[in-house]
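# Coordinates in review
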Amino acid sequence: MINGLPQVEPDGELPDRVTIYEVGPRDGLQNEKSVVASEVKAEFVRRLAAAGLETIETTSFVPPAWVPQLADATEVLAQLGDVGKGPRRPVLVPNERGLDRALEAGVGAVAIFGSATETFARKNLNRTVHESVDMFRPVVARAKDAGLWVRAYVSMCFGDPWEGPVPVEQVVDVCARLMDLGADQLSLGDTIGVGTTGHVRRLLDALDERGLGVDRIGVHFHDTYGQALANTMTALRHGVTVVDASTGGLGGCPYAKSATGNLATEDLVWALDGAGVQTGADLGSLVETSVWMAKQLGRPSPSRVVRALSGSDD
Ligand code: HMG
Ligand code: MG
């Protein structure tokens, strides 16, 4: 039975409204061992949209050899039709070839994805940080010329599995370089989920000092160490209003083995619903979607809220 909702007690320190940037179909499914059928992926996006999620990252135009799980990006978008189009349906693109494919598919928004560290830039993009910025430059320029909305992710903002701690100044420098290309929004990736609340504040303050205010920033926490919701609430208390989350807590990065699922959208919506913050998302519909998706994937959702509300812990 799915009927639970939190008691609403407004929290005056939080924004009135938060935009959920749903990454389940991309960050979630890129990391699944099995390849999910295109029809199931398209149905997943449709269900998420019907549950009231306005922004949904649908897929990724990277070489199939790099991420076979999302090799069917063109097919998924063809199946989605108008549901996959517009400025609130971004797709990942690493380079001009990816942008060409995305434009052919009719997308209205793209996301480039850089790294705060050299090791992960090499592993995830086969480039140095400098070379990857050069790779993204024409992508952003051409995307803006074509009228697309552009997001810039930066991974390993809070720690790197190979390099360890990542200096805040180094993260800010990469963020500024990518935003200087002309992106509309920055997403701070805690790819391996190691960040804690003071670190979140420190990075947001340092970005602000560099002219990158919270109005242009989203946060992207993986939940490896159980810190994703605490870190998100800290960012919201600091003025951020865009939060990346993945329905059912799916997610990870095939090029960073220590990455696990993203903050579960249901866990976020429970917290925000309870605090009286508007998101537009319907918690019951999200849980039903995760229960359906868990059946497709053959394993239960790691989200605490999904498990509690769907009775899968009984
Ligand atoms: P490369 O091998 O150096 O690429 O990879 P290349 O330019 O040398 O091209 C190699 C071949 O791939 C060529 O084909 C290209 O045409 C083709 P060939 O001539 O050999 O027949 N090719 C493409 N085909 C289709 N689509 C394309 C494309 N590009 C080239 N777009 C590259 C460099 C950047 C492409 C590669 O390293 C790459 O795609 N990496 C992405 C890996 C990835 O998707 N990782 C997961 C997403 S990032 C993430 O999850 C983190 C995030 O969630 C935030 C966080 O949590 O921190 C966003
Ligand atoms: Mg991620």
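For the structure, see preceding data.
For the structure given in this document, a descriptive report is provided here. (Residues numbered from 1 in each chain as written. Chains lettered and ligands numbered in written order. Predicted model: local features only at pLDDT ≥ 70, side-chain atom pairs only at ≥ 80, totals over all residues. Heavy atoms only, no water.)

### Examining the pattern of salt bridges
Inspection of the entire model under this criterion finds 18 salt bridges. With its nearest N and O atoms 3.1 Å apart, the salt bridge here joins glutamate 13 to arginine 237. Of this pair, glutamate 13 sits in the segment before strand 1 (19-22) while arginine 237 sits in helix 9 (residues 228-237), and the two are 224 residues apart along the sequence. Across the salt bridge formed by aspartate 100 and arginine 142, the nearest N and O atoms sit 2.6 Å from each other. Here arginine 142 lies in helix 6 (residues 129-145) and aspartate 100 lies in helix 4 (residues 96-104), a separation of 42 residues in the sequence. Taking relative accessible area as the criterion, aspartate 100 reaches 28% and is therefore assigned partly exposed. Residues joined in a network through salt bridges with shared partners are Asp11, Glu13 and Arg237. (Salt bridge = Lys/Arg side-chain N within 4 Å of Asp/Glu carboxyl O. Helix = DSSP H or I, 4+ residues; strand = E, 2+ residues; numbered from the N terminus. Buried < 20%, exposed > 50% of the residue type's maximum accessible area, 1.4 Å probe, protein only.)

### Considerations on the coordination of the magnesium ion (ligand 2)
Only Asp27 (OD), His220 (NE2) and His222 (NE2) from the protein coordinate the magnesium ion (ligand 2), and they sit 2.1 to 2.2 Å from it. Of note, the magnesium ion (ligand 2) draws all its donor residues from one chain, in the sequence arrangement D-x192-H-x1-H. Linking aspartate 27 in helix 1 (residues 24-28) with histidine 220 in strand 7 (residues 217-221), this pair joins segments that are 193 residues apart in sequence. No difference in accessibility class separates aspartate 27 from histidine 220, as the two residues are buried. (Donors = N, O, S within 2.8 Å, 3.2 Å for Na, K, Ca; no water.)

### Side note on helix 9
Counted residue by residue, helix 9 has seven buried out of ten residues, so it is predominantly covered. What helix 9 keeps buried is the set Ala228, Asn231, Thr232, Met233, Thr234, Ala235 and Leu236. In this structure, the buried side of helix 9 is in contact with strand 6 (185-190), helix 8 (197-209), strand 7, strand 8 (242-245) and helix 10 (265-274). Of the residues one or two after helix 9, glycine 239 is the one with positive phi, at around 110°. (Contact = heavy atoms within 4.5 Å.)

### Notes on a negative patch on the surface
Taken together, the side chains of Asp205, Asp208, Glu209 and Asp215 present a region of like negative charge at the surface. Of note, aspartate 208 is situated in helix 8. (Patch = residues over 30% accessible without salt bridge, like charges linked within 9 Å, V, L, I, M, F, W, Y side chains within 5 Å. Areas by Shrake-Rupley, 256 points an atom, 1.4 Å probe, with all protein chains shown as cover. Lys, Arg positive; Asp, Glu negative; His and termini not counted. Charge placed at Lys NZ, Arg CZ, Asp CG, Glu CD.)

In short, the description is geometric, and any link to function would need to be established separately.
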